[in-house]
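A structural walkthrough
Chain by chain, the residues run as shown.
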Amino acid sequence: MSHRILLVDDELHILRAAEYKFKRAGYEVLCAFDGEEAWQLILENKPELVISDYQMPRLDGLGLVKRIRECPETATLPVLLLTAKGFDLARDQQAEALRVSAILGKPFSPRELLAITESLLSGVAQPASAP
Amino acid sequence: MSDSGRTSSWLSIAALALAMSTLVLCAVDEVLFVVDSTGKWIALGVTLLAAGAAVATGWWINASRQATVQRYVDLLCRIGDHRDLANISNDNSLPFPADDSWHRVFVQVRSCILAYNDRLQEADEIKAVAEVRAHRLADEVERLAEILASLPDPVFSVDSYGEVALTNGAARKMFGIEGPRGDGKNATRGPRDERLQEMLLEARRRKAPWQRAAELDLLDVEGRSHSCSVLIRALGVGQDPNDEVGHGAVAILHDNSQLKTIRQRHAEFVSAVSHEMKTPLAGIKAYVELLADGDTEDQETREQFLGVINGQTERLQRLIDNLLNLARIEAGVVVVHKQQQSLNEVLEEAVRVVQPSALEKQIALQSDLSELFLGVQVDRDMILQAAINLLSNAIKYTHPGGRVTLRSRLTEDEVQFEVTDTGVGLSSEDCGKVFEKFYRVKRHKDMAPGTGLGLPLAKHIVEDVHGGKLVVESALGEGSTFRVHLPAANSASPASSIENRPMESKSRSPRSIEA
């Protein structure tokens, strides 16, 4: 059974690169251009993991994670964030509080992204939601 | 005159004696009945005459005496004005009888006055010196007050009771203090900031050169916060080292708010630039890795990936060009190559460059260019960059499904092109600010990444380099129009004079640098 994941980024070419990598690895990939669109796709398609950019129009990455955590159905959904901005203590603390699984800097390696995703999904098999 | 006075007194005394003897004789006649009547009348006449003479003489003596007294009084009055003294002493016509008591008085008074006059002269000299010093001091105080007033930094002092004593214009403006000096009625304790007041209180208990510095956020009279460097100094060095009482304190403030804003904007700018650079870099890295890992099976995909890499490389290059050109234009270090160009051709090129991003965002990009040949004397690369910046700005701030239109036209003496969008629009306040470097409209910041450089650069290129004009017309929610006015190149002589002036000033320095 293939894993279903959601990719969110307002930069089309980055979205396509990641989509290509995951599809070749046998994933079922959903794509969204901003947080609002992503939230709709999460509710409709119940992905097992979300990979999202930080800076996006309408609803940004942290806003999306907050919404995911506030909804009981999606509260334990693993989220991986990508950022082109450097180190930001306040933001990283916020991400930690929102139980973001990992933060990856841009430019990122699709290979590395796939590896992290695989390890996160295999970890989910034994419910990781318990702290 | 004194002789006659003395003679007259003798005369009157003689007349009095004669009259007295006549009266005695008459009395004797009466008693003895010896004298006949004629003799009686003669004696009576003589007696009366003598008495009259005596009275007249007495009156005359008295009058002459009074005249003398009056002369001395006049003289003393004149001496009262000491400046006349020398003249009076030399006036030989005045009567100075050696044995007259008036003269003695006069001599004494005169010597007193002479001594007094000497002291008065000394005092006059001292007064003159003091006046010069006082004048100099007044000048000095005035100059110091002017220097204090001209300081852009707020300065104020408090007295030993903590009330504001001396202020400069900057301090009065910041804290709304009235008048350069506090007075009893209008006593004010200056800024209400607790820490500042604590520092002033401590300084008042100390003696110079005690001082403390601090960084404080102070509220001005209108409630705005200013982040200030504050220096507080105790005032006055007590003569007595055991003197524990302070003399007040002075506070010197330096408002760092502007610097802080600039630093903040700069930090935001660096962050935005790195974000802008990392985004195309992320694409390049990702696709290079996909190609290197052999993830691509068919030639078509490989070519597609290479196309993306190429596009992202160009995007990165444009960003770096924007950065560099803006810095160079601002520093006046830029080489301008102006040539006769077809504006429409440059605009078509710009449309080709931004077309992919419009397609990606599902925005209709339309060209409505003039059918005439629009000749302009411009630096092609620069005008192309300005047009690209205006177009990509319009695409960024227009929602998917919107429209961006590029138009060009020829008017009487200029060539125009404009970019109109159906995007989010700008408030009138933001219309004035979008050409400021690093400025990004807050409410639309999250719509698209950006550096706040594209529009300022376009304005520099159009106005400073080409002597044209870039204006914006917009309203919130109703889209925007950015219009460029350029001098027409084929309208004979005036154009060359317009385009040469700004170009020369900008191009002189780079030539010498690059030579």
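Residues numbered from 1 in each chain as written. Chains lettered and ligands numbered in written order. Predicted model: local features only at pLDDT ≥ 70, side-chain atom pairs only at ≥ 80, totals over all residues. Heavy atoms only, no water.

1. So, the sheet that holds strand E5 (residues 102-105) of chain A
Residues and elements named next belong to chain A.
- Spatially, five strands are ordered E2-E1-E3-E4-E5 in an open sheet, and the strand pairing comes out parallel. Edge positions in the sheet fall to strand E2 (28-32) and E5, since each of these pairs with one other strand and no more. Direction aside, neighbouring strands of the sheet carry axes that sit 20° apart on average.
- As judged from the four bridges shared by strand E3 (residues 49-53) and strand E4 (residues 79-83), these two strands associate in the parallel manner. Looking at the pairing, Ser52 lines up with Leu81 of E4.
- Those strands touched by helix H1 (residues 12-24) are strand E1 (4-8), E2 and E3, and its axis lies near 170° from that of E2. (Pairing = 2+ DSSP bridges. Helix = DSSP H or I, 4+ residues; strand = E, 2+ residues; numbered from the N terminus. Axes fitted to C-alpha atoms, helices over the stretch in contact; angles between N-to-C directions. Contact = heavy atoms within 4.5 Å.)

2. Observations regarding the interface of chain A and chain B
- Contact with chain A, which involves 22 residues of that partner, is made by 26 residues of chain B.
- Carbon and sulfur atoms make up 55% of the area that chain A and chain B hide from each other, which totals about 2,200 Å².
- Looking only at chain A, the three residues that lose the most surface to chain B are His13, Tyr20 and Pro107 of chain A, adding up to 26% of its buried area.
- Linking chain A to chain B there are five salt bridges.
- The salt bridge involving Arg111 of chain A is made with Glu289 of chain B; its shortest N-O contact spans 3.9 Å.
- Between chain A and chain B we count 11 residue pairs in polar contact (both at pLDDT 80 or more) in total. (Buried area = accessible area lost by both parts, 1.4 Å probe. Salt bridge = Lys/Arg side-chain N within 4 Å of Asp/Glu carboxyl O. Polar contact = N/O pair within 3.5 Å; in protein donor to acceptor, adjacent residues only side chain to side chain.)

3. With respect to the pattern of salt bridges
All names here are of chain B.
- Inspection of every chain in the model, using the stated rule, returns 24 salt bridges over all chains.
- When the shortest N-O distance is used, the salt bridge between Glu202 and Arg206 registers 2.8 Å.
- The exposure class assigned to Arg206 is partly exposed, which follows from its relative accessible area of 36%.
- Residues participating in the shared-partner salt-bridge network are Asp368, Arg407, Arg409, Glu418, Glu473 and Arg483. (Buried < 20%, exposed > 50% of the residue type's maximum accessible area, 1.4 Å probe, protein only.)

4. Points about a negative patch on the surface
- A cluster of like negative charges, contributed by Asp118, Glu122, Asp124 and Glu125 of chain B, occupies part of the molecular surface.
- Its place among the elements puts Glu122 of chain B in helix H4 (residues 101-150). (Patch = residues over 30% accessible without salt bridge, like charges linked within 9 Å, V, L, I, M, F, W, Y side chains within 5 Å. Areas by Shrake-Rupley, 256 points an atom, 1.4 Å probe, with all protein chains shown as cover. Lys, Arg positive; Asp, Glu negative; His and termini not counted. Charge placed at Lys NZ, Arg CZ, Asp CG, Glu CD.)

5. Description of helix H2 (residues 35-45) of chain A
Residues and elements named next belong to chain A.
- For H2, the set of buried residues is Gly35, Ala38, Trp39, Leu41 and Ile42. One side of H2 carries all its buried residues, which in axial view fall inside an arc of 165°.
- Lys46 sits one or two residues past H2 and shows a positive phi near 45°. (Arc of directions from axis to C-beta.)

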